[in-house]
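# Examining the three-dimensional arrangement
Now for the letters of each chain:
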Amino acid sequence: MNAGEGPHSYVRNSSCQRGVVDVAKPIIEEEIAAKLDINTRQNRFGIADFGCSTGYNSFPAIEIITQAINKKYKSPKNTSKTPEFYIFFNDVITNDFNTLFTSLPPNINYQAVAVPGDFHGRLLPEYSLHFVYSSWSLQWLSAVPEAVADGGSPAWNKGEILYTRDKTLVCDAYLDRFDKDIGSFLESRAVEMVSGGLMALLVPAVPEFWNPESEYTIPSDVGYLLGSSLMDMAKKGRFSEEKVDSFNLPYYFPTPEQLKVILIKNQSFTIERFEILNNPGKHTLASVNARAACFRAVHERLLTDHFGSAIIDELFELYTKKLEASPVFVNPDNDKTIVILAVLKRKLI
Ligand SMILES: C[S@@+](CC[C@H](N)C(=O)[O-])C[C@H]1O[C@@H](n2cnc3c(N)ncnc32)[C@H](O)[C@@H]1O
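All residue numbers refer to positions counted from 1 along the written sequence of the respective chain. pLDDT decides what is reported in this predicted model: residues at 70 or higher carry local features, side-chain atom pairs at 80 or more are listed and counted, and totals for whole chains, interfaces and linings draw on all residues regardless. Only hydrogens and water are removed before side-chain values are computed, so all heavy atoms of the structure are retained for them.

Per an unreviewed UniProt entry, the chain carries the name Loganate O-methyltransferase and comes from Handroanthus impetiginosus. UniProt positions are given in the numbering used here, feature names are shortened, and annotations may be inferred rather than shown by experiment. Taken from UniProt, the Sequence similarities (unreviewed entry) comment for the chain reads in full: "Belongs to the methyltransferase superfamily. Type-7 methyltransferase family."

Structural data, given as structure tokens:
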């Protein structure tokens, strides 16, 4: 995600991802009140946000979680002292943690800790987490599936930058990577969490059925419009077509059914809630410029690493023009991207 707080930063261009926090709030509060089931003798709570980015959308979520825990453990029935919170902010090592720490809200009731590293592996001590949160992050894969980048493979994704529904082998390779990655994420958290701890995962997803003639989803928008903008630039000689062939985005938006199957396979957690939420944040992308700015904030670093920074302005100008010219993609009401809220509970160890 783009660092800092400038015009192209993730902080200034992530209102789409922010939209879901308010919708998730009552469900997270309910689940904490009814199901968080932990030994609180020490009264110390470890809470982690995996994939927190620069914090702008993380802080309101942490506020919701700490208030709900406070309410539960300070109720008259419970005689324990005021809870002490340790918040572990995780993201990749290249994340701009400086912006996160300099923009922490005033008067927070917790100790903030940075945890840089890949959330597909172990990051924290055993039994250190009571509540795990992750929003709009688990769609990121640990790597582009090997087969889609391999010219000799039947799943080679030539000419495209993301899976499309008509290329079944490419879709399968992406789903397989997603399945393994979610498995690794859950295995790692299972060690780090205490028995009875809860996990709230907000995962962007796509419905089983949507009509590509009149509707779209984020992967189809990025795959089609950004991919064809890159191809247009290759045809103009800005870089080779092979350069586009060798570029694939490392993310996958599952269907609800695909995610459910993966979560059920895991032996360490029970599924307490599985809600399909509308994605209210999409209406913040009503202007083509806002949509282009959001996608630029998310994709710029990956594009720069592969194509160099000199192409970025031109690429997003082209993308914006394509968006403007499309009767389907220009209207956020046609965006059928959804968000799944899965609440999992760590089984008794
Ligand atoms: C779209 S942002 C979401 C940020 C924030 N949670 C929100 O709701 O706005 C996804 C974040 O996940 C992080 N991320 C992706 N893969 C990761 C990994 N393997 N380990 C840790 N963080 C990762 C990215 O760096 C990015 O900051």
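On to the site of the ligand. For this purpose, a residue is taken to be near a molecule or strand whenever a single non-hydrogen atom of the residue falls within 4 Å of it. Every one of the 17 residues lining the ligand counts as a neighbour, but Y10, G51, N57, D91 and D118 are closest to it. Counted as a polar contact is a pair of N or O atoms within 3.5 Å, where, for protein atoms, one must be capable of donating a hydrogen and the other of accepting one, and residues adjacent in sequence contribute only when both atoms are in side chains. A distance of 2.8 Å separates a nitrogen atom of the ligand from a polar side-chain atom of D118. Within the contact set of the ligand, a nitrogen atom lies 3.5 Å away from a side-chain nitrogen or oxygen of H120. A total of 590 Å² of accessible area belongs to the ligand in isolation, and the protein chains cover 93% of it. Under the convention adopted here, Pro, Cys and the residues Ala, Val, Leu, Ile, Met, Phe, Trp and Tyr are nonpolar, Asp, Glu, Lys and Arg are charged, and Gly plus all remaining residues are polar. The residue inventory of the shell around the ligand, partitioned by class, reads 6 nonpolar, 9 polar and 2 charged. Residue-level accessible areas treat just the shown protein chains as cover; the underlying method is Shrake-Rupley with a 1.4 Å probe.

Moving on, we get to helix α1 (residues 15–35). An α-helix turns once per 3.6 residues; consequently, residues spaced three or four apart project the same way. For α1, with 21 residues, the first-to-last C-alpha span of 30 Å sits near the 30 Å given by 1.5 Å per residue. Buried means the residue's accessible area, taken with a 1.4 Å probe over protein chains only, is under 20% of the maximum for its type, while exposed means over 50%, and partly exposed covers the values in between. Numbering of helices and strands starts at the N terminus; helices are DSSP runs of H or I of at least 4 residues and strands are runs of E of at least 2. For α1, the set of buried residues is C16, Q17, G19, V20, V21, A24, I27, I28, E31 and I32. Any two residues whose heavy atoms approach within 4.5 Å are treated as being in contact. Here the buried face of α1 lies against α2 (58–73), β4 (129–135), β5 (193–205), β6 (269–277), α8 (288–307) and β7 (338–346). Take the residue count of a helix, subtract one, and multiply by 1.5 Å to get its expected span.

This brings us to unusual backbone geometry. The bulk of non-glycine residues show a negative phi, and the bulk of peptide bonds are trans. If you check the backbone angles, S53 has positive phi at about 55° while not being a glycine. With respect to the secondary-structure elements, S53 resides in the loop between β1 (44–50) and α2. By relative accessible area, which is 6% here, S53 ends up buried. Although it is not a glycine, Y127 sits at a positive phi angle of roughly 50°. The topology assignment puts Y127 in the loop between β3 (110–116) and β4.

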